[in-house]
Amino acid sequence: MRALDIAATGMQAQQTNVEVISNNIANMTTTGYKAQRVAFQDLLYQDLRRAGSNSSDAGTIVPSGTQIGLGVKTAAIYRIDQQGNLQQTNNTLDMAISGNGWFQVTLPSGQLAYTRDGTFGLSPNGTIVTADGYIVQPGIQVPTNATNVTINASGQVQVSLPGQTAPQTVGQLQLAVFPNDAGLAAQGGNLFLQTAASGNPVTGAPSAPGFGTVMQGFVENSNVNVVSEVTDLITAQRAYDMNSQVVTATNQMLQTLTQL
């Protein structure tokens, strides 16, 4: 019977669904995390009687035909790019992007990665780095004798130095935007890499047209909606149970056939 195979695809699909939901819930407090959703598609159909075929020598045509679906498959797992809530931390080097854009980070391999996690600090030589010590582009260095660091909405990094009344600009942050944010490849550690699907990045200063603004002393929280996740989890569990019931019913029908 086809029902066994069809129900099996349904159970596999809902298992994937639950895994994605569990990852969302696990990252509900991860800075800059974007929730994921699973998209499903039906599989191929078997034509037992094709619609539009001739049903007699007189030229009569079958109006609807007979098709049997063969189950479901996972078509994509996409990210929801909705802005997360901004949380004030009062940490001087914490930054959040309000609007479009990604911080650019140089990995140890020299490759550029992108992140919405603005939990930054300073390296031993005063360079602004991520929590893992990766340099935030364009590699802005804060003098060791700076008494205060200010980052405005346009991404200008200014410091106050002893003996100087006016702040000194030491660097300009640059953001990157992509034609298709969903095409970025997640690497873990709140980092993403460019792919052919994401398109090439366009860089620019914060507050420029098409770019978000930088907010100092804030971080972007995860955009996971716990209520929606729990509701989706219950729905996925019920769908899995119903598919398992199909397997049980089909097994009982096959058992009846073998006893004839």
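Scroll up a little and you will see the structure.
Reading the values: rules and limits
- Residues numbered from 1 in each chain as written.
- Predicted model: local features only at pLDDT ≥ 70, side-chain atom pairs only at ≥ 80, totals over all residues.
- Heavy atoms only, no water.
- Helix = DSSP H or I, 4+ residues; strand = E, 2+ residues; numbered from the N terminus.
- Rg over C-alpha atoms; globule rule 2.2 N^0.38 Å.
- Buried < 20%, exposed > 50% of the residue type's maximum accessible area, 1.4 Å probe, protein only.
- Contact = heavy atoms within 4.5 Å.
- Areas by Shrake-Rupley, 256 points an atom, 1.4 Å probe, with all protein chains shown as cover.
- Lys, Arg positive; Asp, Glu negative; His and termini not counted.
- Charge placed at Lys NZ, Arg CZ, Asp CG, Glu CD.
- Expected span 1.5 Å × (residues − 1).
- Polar contact = N/O pair within 3.5 Å; in protein donor to acceptor, adjacent residues only side chain to side chain.
- Core = buried A, V, L, I, M, F, W, Y, C linked by side-chain atoms within 4.5 Å.

S.K.: Explain the overall build of the protein residue by residue, including any values.
M.R.: In terms of helices and strands, the protein carries 2 helices and 20 strands. Taken over the C-alpha trace, the protein has a radius of gyration of 27 Å; the compact-globule value for 260 residues is 18 Å, which it surpasses by more than 25%. Projected onto its principal axes, the C-alpha coordinates of the protein cover approximately 100 × 45 × 35 Å. Counting over 260 residues, the protein shows a buried share of 33%. In the protein, the proportion of contacts linking residues at least 24 apart, taken out of those at least 6 apart, comes to 62%. When the accessible area of the protein is evaluated, it comes to approximately 14200 Å², of which 51% is carbon and sulfur surface. Of the side chains in the protein, 9 bear a positive and 14 a negative charge, and the two mean positions are spaced by 8 Å.

S.K.: Give me helix α1 (residues 2–26): which residues, what numbers.
M.R.: Across its 25 residues, α1 extends 37 Å between first and last C-alpha, which sits within 8% of the 36 Å expected from 1.5 Å per residue. Looking at the packing, one finds that the buried side of α1 touches β1 (36–42), β4 (72–79) and α2 (226–258).

S.K.: Break down α2 for me, with residues and values.
M.R.: Taking 1.5 Å per residue, 33 residues should reach 48 Å; α2 reaches 48 Å between its end C-alpha atoms and fits that length. The complete set of buried residues in α2 reads Glu229, Ala236, Asn243 and Thr250. Contacts made by the buried residues of α2 are with α1 and β1. Its side-chain oxygen at 3.1 Å from the backbone nitrogen of Val227, Asn225 defines the N-terminal cap of α2.

S.K.: Provide a residue-level description of the nonpolar core, including the pertinent values.
M.R.: Counting 19 residues, the largest nonpolar core has Met95, Phe103, Phe120, Ile128, Val149, Ile151 and Leu173 as its most contacted members. Contributions of two or more residues to this core are made by β6 (95–98), β12 (148–151), β13 (156–160) and β15 (175–177). Here Phe103 is in contact with Met95, Ile97, Ala113, Tyr114, Thr115, Arg116, Asp117, Gly118, Phe120, Leu175 and Val214, once residues within four sequence places are set aside. Within the second largest apolar cluster, 6 residues are counted, among which are Trp102, Ala176, Phe178 and Phe192.

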